[in-house]
Amino acid sequence: MRKRILIDRLVSDLSPVKPIRNWIGLWIPFTVVFVWLATQNFMWLRSDLATVFWTGTFQFEMALFLAMTLLATASVFKSYRPGLFSKWQIWFLIPYAVWMGELIYQSMGIISTGGWAAMSVNEYWNCAGLIVFAAALPLAYLVYLTQDGRSTNPKVTGMATFVAAFGAGNLGNLFHCDWMHPTHVVLEHFIPMVLFAVAGYIYGKTQLRW
Amino acid sequence: MELGIGWSPLIRSQEINTTSFLDYLVNYRQEIQQMATDRTHQEPNWEDLMELAQAGNQKAYHDLLSALYDRFQTYLEYRINDFDTMEDILMVAMEGIHQSRHTYKPGKPFLAWAYSILKYKLADHYRTQARQSEIFTIAKADLPVYDGKDVQLQIESLLNTLDDRDRQLISKVKLEGYSYREAGEQLDMSESNVKVTVHRIMNRLAGIA
């Protein structure tokens, strides 16, 4: 009885729908262009970019943030449809762990050489704000592109959405901030990124449930 | 042919020789394969039906939902022993399928998509239930079982003990097949409020019955 009533009601409510598309090819170019323009025009490129660009540390960190952003983006566009979730979609958290390991390694080196005294709050205190500035529009665009999605893992999707946008912002900030002291990086780069991921988790839990 | 030591007691106990036992295994495998083939032939072509449904074909959508309802029901029957709960989840899952039909990607396996929605709704139900059980610790009484012609009268007499709003709510959710959300929209209540109120009314009715 209930089956018939339910199915009749759902069938009578049927209207043609267009399957949602995967807009990853739209979001990535937009983000790359926007973050680059924001970095170049509003955050300024670091003065030592030409010399530091080909160093191992810079290349490593660039690859790390790029991997974080791309993995998170792929995760968003995979997990916002039901039935496509798989374990690799939380791999965007791995770069976090690698980054933390790198920061610990750098801190150990500075501690062994007694370099902590060199740390001071300098003009780059607002790196977290700059990351938010560079990531805000890509985040809004990503939320807009995925608004019709129905994730069956909303917390992961929410977290990946925020990590994708703020990872891109952090990548832009890498071309801006030349203050590489681990304390600064932890306070102004790493902890904000962790907080953005937590914010994404809460966003997914509260906004993406359906 | 030598069989492993593990098979020997079985063979002795059933007093069959090795050859007939192997024949039995071969026949058994063929029967299983035949059953699987028959089942495949009975299955609708889910992907095609869903693509037609996305285009607005009501007949295809009806066939799809009917077959899916039965399939989901079988799945849930093995996992939930309370009929009302099972029906509620089934209804919510079917609603979920309906609302998210635009997220199905043509050409992809339909059942993987559909079952992931069912499992999500199932998990969501248990999460909500766990939260509610912290608030309401009233033990759910067993509802009496009615038979035959008395059912209608019994239901009516029970519904008459309720006030207008509660009667409408129970009628919509439990008898007319509306979801919590839809019943809430019609009666100007939030979905969570509808769930809680229905839970309370059912407990009250169980006490009266």
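Before reading on, note that the structure itself is shown above.
About the cut-offs
Residues numbered from 1 in each chain as written. Chains lettered and ligands numbered in written order. Predicted model: local features only at pLDDT ≥ 70, side-chain atom pairs only at ≥ 80, totals over all residues. Heavy atoms only, no water. Helix = DSSP H or I, 4+ residues; strand = E, 2+ residues; numbered from the N terminus. Buried < 20%, exposed > 50% of the residue type's maximum accessible area, 1.4 Å probe, protein only. Areas by Shrake-Rupley, 256 points an atom, 1.4 Å probe, with all protein chains shown as cover. Contact = heavy atoms within 4.5 Å. Axes fitted to C-alpha atoms, helices over the stretch in contact; angles between N-to-C directions. Parallel < 35°, antiparallel > 145°, perpendicular 65-115°, else oblique. Left-handed = near helix turned anticlockwise from the far one by under 90°. Nonpolar A, V, L, I, M, F, W, Y, C, P; charged D, E, K, R; others polar. Buried area = accessible area lost by both parts, 1.4 Å probe. Salt bridge = Lys/Arg side-chain N within 4 Å of Asp/Glu carboxyl O. Polar contact = N/O pair within 3.5 Å; in protein donor to acceptor, adjacent residues only side chain to side chain. Core = buried A, V, L, I, M, F, W, Y, C linked by side-chain atoms within 4.5 Å.

Chemist: Hey, could you go over the overall build of chain B for me, with residue numbers and the actual values?
Modeler: Counting its secondary structure elements, chain B contains ten helices and zero strands. Starting at the N terminus and walking to the C terminus, you meet the elements of chain B as α-α-α-α-α-α-α-α-α-α. Of all 209 residues assigned to chain B, the portion counted as buried reaches 38%. Taken as a whole, chain B presents about 12600 Å² of accessible surface, with 52% of it coming from carbon and sulfur.

Chemist: I'd love a proper account of the overall build of chain A, names of residues and values included.
Modeler: Along its length, chain A carries eight helices and zero strands. In chain A, the order of α-helices and β-strands from amino to carboxyl end is α-α-α-α-α-α-α-α. Relative to its 210 residues, chain A shows a buried fraction of 46%. In chain A, the proportion of contacts linking residues at least 24 apart, taken out of those at least 6 apart, comes to 86%. Entry remark: accessible area of chain A is about 10300 Å², with carbon and sulfur atoms responsible for 71%.

Chemist: Explain the packing of helix H5 (residues 94-112) of chain A against helix H8 (residues 182-207) of chain A to me, and be specific about the residues and the numbers.
Modeler: Between two packed helices, both the angle of their axes relative to each other and the distance between the axes serve to describe the pair. Residue and element names in this part refer to chain A. Their axes nearest at 11 Å, the elements H5 and H8 cross at an angle of 160°. Judged on the interaxial angle alone, H8 and H5 are roughly antiparallel. Two packed elements cross with a definite hand, and for H5 against H8 that hand is left-handed. On the side of H5, the interface is formed by Tyr96, Trp99, Met100, Leu103, Gln106, Ser107 and Ile110, while H8 contributes Pro182, Val185, Val186, His189, Phe190, Met193, Val194 and Ala197. Grouping the constituent residues of the contact of H5 with H8 by class yields twelve nonpolar, three polar and no charged.

Chemist: I'd love a proper account of unusual backbone geometry, names of residues and values included.
Modeler: The phi torsion of most residues other than glycine is negative, and most of the peptide bonds are trans. Residues and elements named next belong to chain B. The phi torsion at Asp188 lies on the positive side, around 60°, for a residue other than glycine. Its place among the elements puts Asp188 in the loop between helix H9 (180-187) and helix H10 (191-208). By relative accessible area, which is 73% here, Asp188 ends up exposed.

Chemist: Before we move on, could you go through the interface of chain A and chain B and cite the residues and values that matter?
Modeler: Contacts between the two partners involve 28 residues from chain A, matched on the other side by 44 residues from chain B. A buried area of about 3300 Å², summed over both sides, lies between chain A and chain B, and 59% of it is on carbon and sulfur atoms. Taken as a group, A:Arg2, A:Leu14 and A:Trp210 account for 24% of the area that chain A buries against chain B, more than any other trio of residues on that side. Across the chain A-chain B interface, the total number found is four salt bridges. B:Glu182 is the partner of A:Arg9 in a salt bridge, and the nearest nitrogen-oxygen pair spans 2.5 Å. Our count for the contact surface shared by chain A and chain B stands at 14 residue pairs in polar contact (both at pLDDT 80 or more). For the side of chain A that touches chain B, the element with the highest residue contribution is helix H1 (residues 2-12) of chain A, accounting for ten residues.

Chemist: Residues and numbers for the pattern of salt bridges, please.
Modeler: All told, the structure shown has 15 salt bridges over all chains when counted by the stated rule. A salt bridge links A:Arg9 to B:Glu95, with the nearest nitrogen and oxygen atoms 3.1 Å apart. In this pair, A:Arg9 is assigned in helix H1 and B:Glu95 in helix H5 (residues 83-99), connecting two distinct chains. For the pair formed by A:Arg9 and B:Glu95, the shared burial category is buried. We classify A:Arg9 as buried; its relative accessible area is 15%. Connected through salt bridges with shared partners, the residues A:Arg9, B:Glu95, B:Arg181, B:Glu182 and B:Glu185 form a single ionic network.

Chemist: How would you summarise the nonpolar core if you had to cite specific residues and measurements?
Modeler: A:Trp99, A:Val163 and A:Phe166 are the most contacted members of the largest nonpolar core, which totals 39 residues. When residues of this core are traced back to their parent elements, those giving at least two are helix H3 (49-52), helix H4 (56-79), H5, helix H6 (127-145), helix H7 (154-174) and H8 of chain A. Here the element with the most residues in this core is H7(A); it accounts for ten residues. Each residue touching A:Val163, except ones within four places of it in the same chain, is listed here: A:Met68, A:Ala72, A:Phe92, A:Tyr96 and A:Ala197. Ranked by size, the runner-up nonpolar core spans 37 residues in total, among them A:Val11, B:Leu49, B:Met91 and B:Ala114.

Chemist: I'd love a proper account of the packing of H9(B) against H10(B), names of residues and values included.
Modeler: All names here are of chain B. Here H9 crosses H10 at 100°, and the two axes come no closer than 8 Å. Classified by the angle between their axes, H9 and H10 sit roughly perpendicular to one another. On the side of H9, the interface is formed by Tyr180, Arg181 and Gly184, while H10 contributes Glu191, Val194, Lys195 and Val198. Looking at side-chain class alone, the contact of H9 with H10 contains three nonpolar, one polar and three charged residues.

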